[in-house]
Amino acid sequence: MIENWTRELVTQRVLTATLLVILSILCFKVVQFFIVPAIWAAILAYVTFPIYRFFHHKVKLSPNISASIMTVCISLLLGVPVVLGLFVLQQEAVNLYSTLLYRIKVGYVDLPEEIKELPVIGQQIKDLLWQINKDPEASLSAFRTWLQSHLYYGKMALDVVLSSLAKLGMALMTIFFFYRDGISLMKQIRQALRNIIGNRIDDYIDSVGSTTQAVVYGIGLTAVAQAVLAGVGYFFAGAPSPILLTIMTFVVALIPFGTPFAWMGVALWLFTKGHVTEAIGLTLWGMLVISWVDNLIRPIVISGATKIPFIIIFIGVLGGLTAFGFVGLFIGPVVLAIGLAVWREWINQHRNIIFAPCYTQLDEHQWKPADRPMALEISPDVVTFSKYPFADAPIEGITPEPLNSEGSSKKDKDREKKDKD
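Residues numbered from 1 in each chain as written. Predicted model: local features only at pLDDT ≥ 70, side-chain atom pairs only at ≥ 80, totals over all residues. Heavy atoms only, no water.

Engineer: Is there a simple way to explain the pattern of salt bridges in this structure?
Structural biologist: When the charged atoms of two side chains lie near each other, side chains of opposite charge can form a pair. For the structure on display, the rule yields 1 salt bridge. Salt-bridge contacts for R180 lead to D181; the nearest nitrogen and oxygen are separated by 3.2 Å. For R180, a relative accessible area of 34% gives the class partly exposed. Since its relative accessible area comes to 33%, D181 is described here as partly exposed. (Salt bridge = Lys/Arg side-chain N within 4 Å of Asp/Glu carboxyl O. Buried < 20%, exposed > 50% of the residue type's maximum accessible area, 1.4 Å probe, protein only.)

Structural data, given as structure tokens:
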């Protein structure tokens with residue numbers, strides 16, 4: 001009877017576990033496209049939640065109205081630069097295509113002398129330009145053929161743009177519900193994790209929250225400051241489309257130490273166009289002003305708020321970027337912050353054992369092994385009893401006497417022998 005009941009119970013548990021695994025896989029397949037937008041929405045909602053709370057508690061607006069106001073503000077803050085950037089990029093692409101076609105038709109395709117005088121490839125560039133300008137019609141036909149053969153890559157780029165816009169729209173829709181139901185959702189997640197891990201999960205969640213907020217503020221503020229300063233430099237240096245270049249610099253500035261590649265590229269372009277003074281001025285502006293923002297704001301905001309070494313944040317940002325894509329800029333540091341919180345908690349729990357002394361002083365010149373779990377360690381000069389590699393060494397200048405396998409020194413044996421005599 002018991003055997004049949006056990007078999008039935010095991011069968012029931014196996015079937016239940018199988019169904020749960022299948023259900024989890026199916027759910028993942030359904031929401032796979034929306035995971036990244038949901039993560040972006042959660043990050044944005046969390047770091048801007050104090051503003052939502054102001055509308056809801058201070059202004060006394062309903063949760064729906066407060067969430068709607070925040071969603072509209074976030075949509076304008078993100079949507080306007082994106083739409084403006086796409087419009088300017090489209091205009092620049094059309095102008096570049098038209099200019100290139102016109103120059104091919106008239107047989108005047110040229111590059112700056114600095115590029116044509118480059119070693120190794122300079123002569124090849126001159127030969128190619130001579131071939132293009134020699135027969136404009138044949139060059140134009142070859143150019144159109146090349147474009148038609150590479151339309152697939154244009155379709156791929158268009159698919160990426162449309163997919164990114166769809167994810168942005170999904171994130172903006174999701175953020176409304178994170179504002180309105182965020183507190184209830186966090187309570188449910190906290191309670192679920194507490195049921196699994198215990199009360200220590202509260203410290204981990206607090207660490208995740210502070211790290212996320214600090215990383216978003218640190219990376220975001222740094223990118224905004226560097227992009228604005230770079231835009232000022234582009235404007236005064238006479239770079240083309242300074243607004244588009246500023247937006248591109250903001251995107252590059254989200255990656256640590258990526259901003260120099262933006263303004264150095266623009267300075268190099270100005271130099272090749274013969275604007276040597278402007279190129280030198282932009283280079284100095286980038287080295288003395290723009291780059292220092294990255295060295296000041298990011299470490300102060302991130303490390304100062306989280307008490308986490310900046311090198312860990314740096315590794316988390318770059319590692320998360322390679323592992324999870326652009327959203328990994330924020331996931332990577334959070335994952336490492338959780339690992340660091342677990343490590344610090346473990347150290348604090350075992351501090352009395354790990355850093356306990358190896359020896360206890362009996363009198364001015366006598367020591368004995370401390371009362372703690374011990375393992376015999378033999379060195380040429382002294383026998384120590386320590387199970388822990390990080391235990392404190394004896395006081396400097398006082399070397400404990402060698403001990404035998406019973407834990408007593410030679411002087412102790414001599415003293416015992418004298419007492420017996």
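Engineer: Got a minute to help me understand the packing of helix α7 (residues 151-197) against helix α8 (residues 201-237) in this structure?
Structural biologist: The relative placement of two packed helices comes down to the angle between their axes together with the axis-to-axis distance. In the contact formed by α7 and α8, the axes pass within 9 Å of each other and the chain directions differ by 135°. Classified by the angle between their axes, α7 and α8 sit oblique to one another. Residues M186, R190, L193, R194 and I197 of α7 pack against I201, D202, I205 and D206 of α8. Residue composition of the contact of α7 with α8, by class: 5 nonpolar, no polar and 4 charged. (Axes fitted to C-alpha atoms, helices over the stretch in contact; angles between N-to-C directions. Helix = DSSP H or I, 4+ residues; strand = E, 2+ residues; numbered from the N terminus. Parallel < 35°, antiparallel > 145°, perpendicular 65-115°, else oblique. Contact = heavy atoms within 4.5 Å. Nonpolar A, V, L, I, M, F, W, Y, C, P; charged D, E, K, R; others polar.)

Engineer: Please explain the nonpolar core as it appears in this structure.
Structural biologist: The nonpolar side chains of a soluble globular protein tend to be buried, and buried together. Membership of the largest hydrophobic core comes to 15 residues, with the highest contact counts inside it found for I219 and F330. Listing elements by their share of this core, those giving two or more residues are α1 (2-47), α8, α12 (310-324) and α13 (328-349). (Core = buried A, V, L, I, M, F, W, Y, C linked by side-chain atoms within 4.5 Å.)

Engineer: Any chance you could explain the environment of T71 here in plain terms?
Structural biologist: If you trace the backbone, T71 turns up in helix α3 (residues 63-106). The spatial distance from the C-alpha of T71 to the C-alpha of M173 is 7.9 Å, given a sequence separation of 102 residues. Aside from chain neighbours lying at most four places away, what touches T71 is L172, I175, F176 and Y179.

Engineer: I tried to follow a nonpolar patch on the surface on my own but got confused; where do I start?
Structural biologist: A contiguous nonpolar surface patch, about 840 Å² in accessible area, is contributed by V224, V228, V232, F235, F236, F250, V251, W285 and F326. Per element, the largest residue contribution to the nonpolar patch is 5 residues, and it comes from α8. Mapped onto the elements, V224 comes out in helix α8. (Patch = residues over 30% accessible without salt bridge, like charges linked within 9 Å, V, L, I, M, F, W, Y side chains within 5 Å. Areas by Shrake-Rupley, 256 points an atom, 1.4 Å probe, with all protein chains shown as cover.)

Engineer: Quick question: what am I supposed to make of the packing of aromatic side chains here?
Structural biologist: In this description, an aromatic ring pair is defined by two values, namely the gap between the centres and the angle between the planes. Across all of its chains, the model carries 6 aromatic pairs by this definition. Residues Y52 and Y179 carry aromatic rings whose centres are separated by 5.7 Å and whose planes lie at 25° to one another, so their mutual orientation is stacked. Residue Y52 is located in helix α2 (residues 49-58), and its partner Y179 is located in helix α7; the two are separated by 127 residues in the primary sequence. The two residues Y52 and Y179 agree in class, both being buried. Considering the side-chain rings of F54 and F55, the 5.7 Å spacing of their centres and the 70° angle between planes classify their relative orientation as edge-to-face. In this structure an aromatic cluster arises from ring pairing among F49, Y52 and Y179. (Phe/Tyr/Trp six-rings, centres within 6.5 Å; stacked < 30°, edge-to-face > 60°.)

Engineer: What's the story with the side chain of S66 in this structure? I'm lost.
Structural biologist: Within the secondary structure layout, S66 lies in helix α3. On the basis of relative accessible area, S66 is assigned to the buried category, the value being 0%. Once residues lying within four places of it in the same chain are set aside, the contact partners of S66 are Y52, F55, H56 and L61.

Engineer: What should I look at first to understand α3 in this one?
Structural biologist: Given 3.6 residues to a turn, an α-helix orients residues that are three or four positions apart in the same direction. With 44 residues, α3 ought to run about 64 Å at 1.5 Å a step, and its terminal C-alpha atoms sit 64 Å apart, in line with that. The largest bend along α3 measures about 25° and falls at G79, with the proline P81 one to four residues further on. Within α3, the full set of buried residues consists of S66, A67, M70, T71, I74, G79, G85, V88, L101 and I104. Phi turns positive, to about 70°, at G107, one or two residues after α3. (Expected span 1.5 Å × (residues − 1). Bend = angle between axes of the 7 residues up to and from the residue.)

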